[in-house]
Amino acid sequence: MDNIYFDLDGTLTDPKPGITRSIQYALRKLDREVPSEDELTWCIGPPLRASFATLLGDDGLADRGLALYRERFADIGLYENAVYPDIEHVLTELARPGRRLFVATSKPAIYAKRIVEHFNLAHHFATVFGSELDGRRVHKDELLAYLEAVLRVYNRYGRRDNLFKARIKILVKERGADKFRDEVEAEWAHLKDGPATLISEEVERVAGRFTRPAYQVLRDESLRTDARYAFPPFQGWLKRNVHPHKVPGYAAVTLSLKKTGVPPGDVSADQMEAIARLADRYSFGELRVSHEQNLILADVPQRDLLELWREARALGLATPNIGLLTNIIACPGGDFCSLANAKSIPVAEAIQQRFEDLDYLHDIGELDLNISGCMNACGHHHVGHIGILGVDKNGEEWYQIEIGGNQGEIRPGQGASLGKVLGPSFARADVPDVVERLIKCYLEHRDGDAERFIDVVHRIGTEPFKEEVYGHAHQRPSHRPEPAIA
Ligand code: SF4
């Protein structure tokens, strides 16, 4: 189990005094009868606005009750709280490399974070998730209608007249996030409690589609120590392409679609037929597609891994490079997409060829390299540890390099990040050299094998990488022509 989620109230801390006394405070201010603290324990856990509507017998007064509650809770009630005995010990015991702990609570995130920090628990958690003070993100049955409000605003103001600006992110940038949010909220006010609100029967109907496979009772195999499995190619594949499963005796397997010489994410019709047979034989007939352009068999018995590996290897689908530099995400780019500024696929292939040596690739360690053929960013270049963006310069294809992007937490408490542009763009033929120089700089600066490329960029900043690529700042041409980004 890699991710563990903890509720806050009633799980990590006992919030009873702070919550019940702050409710009493609000009721007193409203001249209402004030129940005892014990009589108010049912209010701990559910969304408070709904509890106030019940307590006051008047939905219209619930917001006022909540505002008064927060008047006291924000400064006093928040800290009338106690960590349950042994929680610190439990969290410490659960910590291990590769595992992340989260707090997920219906309490507003702003309060949840303060409580976790106040009790010195923050260092245990990657992120604290909570609701917003205005009640957003409280009810899942409202989610669909809220998304409809977002789409309506996009439909009204979005640039459907211009292929290059027809993305919602362009609209958010043009109008500003605050204005866009206000417009969504205004639209939401009309849609709230309307026909798009999910009813529990519908949620259950959809949930019924996600059935649990008929897992067998199996034991975990000794994959790392058993002599049957002890040969390097298989161990390399186990390390990179096989992932832990929550059911004993099973594993999830990534079929790599990142073989050098094949466009990232491509499979032939014959391969696809064979993959469907693998899914039938090894994974309950189910196959998943990942955003990293690979295929995943999610429920493979560990005892079948060796056989699956042999078959996948014969099909060219067992390259042990998941999470490594050659597991490149690349959009179709100029070979197939009419919006492209530049080609992506030949750039990906040139980089894969440059870094084909698997030993070197494993030495470099985890690194996401993403390529987009234009600003629309279908290749997620802006969240690649190294991101490459095709740009247009007077009808010629150039490539802008970014570093420091990341699609998940970089370390507990430090979330996703967007890459920073390194400097002037490069011709296609230069891109593999530039990547090589970035890797050289990383290897020279890393503290040890465990420190990833992205960790080093965030520790030392981009300047040493710029220096490696462009030379010292004082040597760089101050007016090197930079292509306009179309
Ligand atoms: S990012 Fe790539 S696939 Fe997306 S629109 Fe641009 S060129 Fe086309």
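Residues numbered from 1 in each chain as written. Predicted model: local features only at pLDDT ≥ 70, side-chain atom pairs only at ≥ 80, totals over all residues.

A. Fine view of the overall build of the chain. When helices and strands are counted, the chain shows 17 helices and 14 strands. Principal axes of the C-alpha set define a box for the chain whose edges measure 75 × 60 × 45 Å. The buried share among the 486 residues of the chain stands at 30%. Taking all contacts inside the chain whose residues are at least 6 apart in sequence as the whole, residues at least 24 apart take part in 64%. (Helix = DSSP H or I, 4+ residues; strand = E, 2+ residues; numbered from the N terminus. Buried ≥ 20, exposed ≤ 12 C-beta atoms within 10 Å, placed from the backbone. Contact = placed C-beta atoms within 7 Å.)

B. Layout of the sheet that holds strand E11 (residues 369–372). Reading across from one edge, E10-E11-E12-E13-E14 is the order of the 5 strands in this open sheet, with mixed pairing throughout. The outermost strands of the open sheet, each flanked by one partner alone, are strand E10 (329–330) and strand E14 (420–421). (Pairing = 2+ DSSP bridges.)

C. Up close: the domain arrangement of the chain. Under the domain assignment used here, the chain contains domain 1 (3–131), domain 2 (140–207), domain 3 (227–314) and domain 4 (329–475). Just the C-alpha atoms count here: the centres of domain 2 and domain 3 sit 37 Å apart. (Domains from an automatic or database assignment.)

D. Structural detail: helix H5 (residues 109–118). Of the residues making up H5, those classed as buried are Tyr111, Ala112, Ile115 and Val116. Taken down its axis, H5 places every buried residue within 130° of arc, on the same side. Looking one or two places after H5, you find Asn120, whose phi comes out positive at around 60°. (Arc of directions from axis to C-beta.)

E. Quick peek at the pairing of strand E4 (residues 100–108). In terms of strand pairing, strand E1 (residues 3–6) meets E4 through 4 bridges, oriented parallel. Following the sheet pairing, Tyr5 is matched in E4 by Phe102. Across 4 bridges, the pairing between E4 and strand E5 (residues 127–131) is parallel. Each bridged residue has a counterpart across the sheet, and for Ala104 the counterpart in E5 is Phe129. In this view, the connection linking E4 to its parallel neighbour E5 by way of H5 has right-handed handedness. (Right-handed = clockwise from strand over helix to strand, strands pointing away.)

F. Geometry of the site of the ligand. The ligand sits among 13 residues. The nearest are Cys331, Cys337, Gly373, Cys374 and Cys378. Classifying every residue of the shell around the ligand by side-chain character gives 8 nonpolar, 5 polar and no charged. (Near = placed C-beta within 6 Å. Nonpolar A, V, L, I, M, F, W, Y, C, P; charged D, E, K, R; others polar.)

G. Representation of unusual backbone geometry in the model. The phi dihedral of Phe284 falls on the positive side, at around 55°, and the residue is not glycine. Take Phe284: there are 17 C-beta atoms within 10 Å of it, and that puts it in the partly exposed class. Of note in the backbone geometry, His380 takes a positive phi value of approximately 55° without being a glycine. Secondary-structure assignment places His380 in the loop between E11 and strand E12 (386–393). On the basis of neighbour counts, which here come to 19 C-beta atoms within 10 Å, the residue His380 falls in the partly exposed class.

H. Structural context of the sheet that holds strand E8 (residues 288–289). The strand order across the open sheet formed by 4 strands is E6-E7-E9-E8, and the pairing between neighbours is antiparallel. Each of the sheet's edge strands pairs with one partner strand only, and the pair in question is strand E6 (242–244) and E8. Of the pairings in the sheet, the one linking strand E7 (residues 250–255) to strand E9 (residues 295–301) comprises 5 bridges and is antiparallel in character. Within E9, the position partnered with Val253 by the bridge is Leu297. Of the strands in this sheet, E7 and E9 touch helix H11 (residues 269–282), which is tilted by about 25° from E9. (Axes fitted to C-alpha atoms, helices over the stretch in contact; angles between N-to-C directions.)

I. Just the environment of Ala149, in detail. Along the chain, Ala149 falls in helix H6 (residues 143–157). Residue classification places Ala149 among the buried residues on the basis of 21 C-beta atoms within 10 Å. Here the alpha-carbon distance between Ala149 and Gln400, two residues 251 residues apart in the chain, equals 35 Å. Residues within four places of Ala149 in sequence aside, it is in contact with Val184, Glu187, Trp188 and Leu191.

J. Representation of the environment of Ser200. Along the chain, Ser200 falls in helix H9 (residues 200–207). Classification of Ser200 by C-beta neighbours within 10 Å gives exposed; the count is 9. A sequence separation of 17 residues divides Ser200 from Val217, and the C-alpha atoms of the two residues are 32 Å apart.

K. A look at the nonpolar core. Grouped together as the largest cluster of nonpolar side chains are 41 residues, with contacts concentrated most on Ile351, Ile386, Ile388, Tyr399 and Leu438. Looking at which element gives the most residues to this core, the answer is helix H15 (residues 431–445), with 7 residues. If sequence neighbours within four positions are ignored, Ile351 has contacts with Ile328, Leu369, Val431, Pro432 and Val435. Grouped together as the second largest cluster of nonpolar side chains are 24 residues, Phe6, Cys43, Tyr111 and Leu121 included. (Core = buried A, V, L, I, M, F, W, Y, C linked by C-beta atoms within 7 Å.)

L. View of the pairing of E11. By the alternation rule, side chains of E11 split into Leu369 and Ile371 and Asn370 and Ser372, which are all buried. In this sheet, E11 lies alongside E10 in parallel orientation, the contact comprising 2 bridges. The residue of E11 that forms the bridge with Ile329 is Asn370. When E11 meets E12, the two strands line up parallel, connected through 4 bridges. Note on E12: the bridge partner recorded for Ile371 is Ile388.

M. Up close: the packing of H6 against helix H8 (residues 177–191). For the pair H6 and H8, interaxial distance at closest approach is 8 Å and the crossing angle is 125°. Judged by the inter-axis angle, H6 sits oblique to H8. In the packing of H6 onto H8, the handedness of the crossing is right-handed. Residues Ala145, Tyr146, Glu148, Ala149, Val150, Arg152 and Val153 of H6 form the contact with H8, whose participating residues are Phe180, Glu183, Val184, Glu187, Trp188 and Leu191. Class assignment for the residues of the contact of H6 with H8 results in 9 nonpolar, no polar and 4 charged. (Parallel < 35°, antiparallel > 145°, perpendicular 65-115°, else oblique. Left-handed = near helix turned anticlockwise from the far one by under 90°.)

N. Seen up close, the environment of Thr211. On the secondary structure map, Thr211 appears in the loop between H9 and helix H10 (232–241). The spatial distance from the C-alpha of Thr211 to the C-alpha of Asp335 is 40 Å, given a sequence separation of 124 residues.

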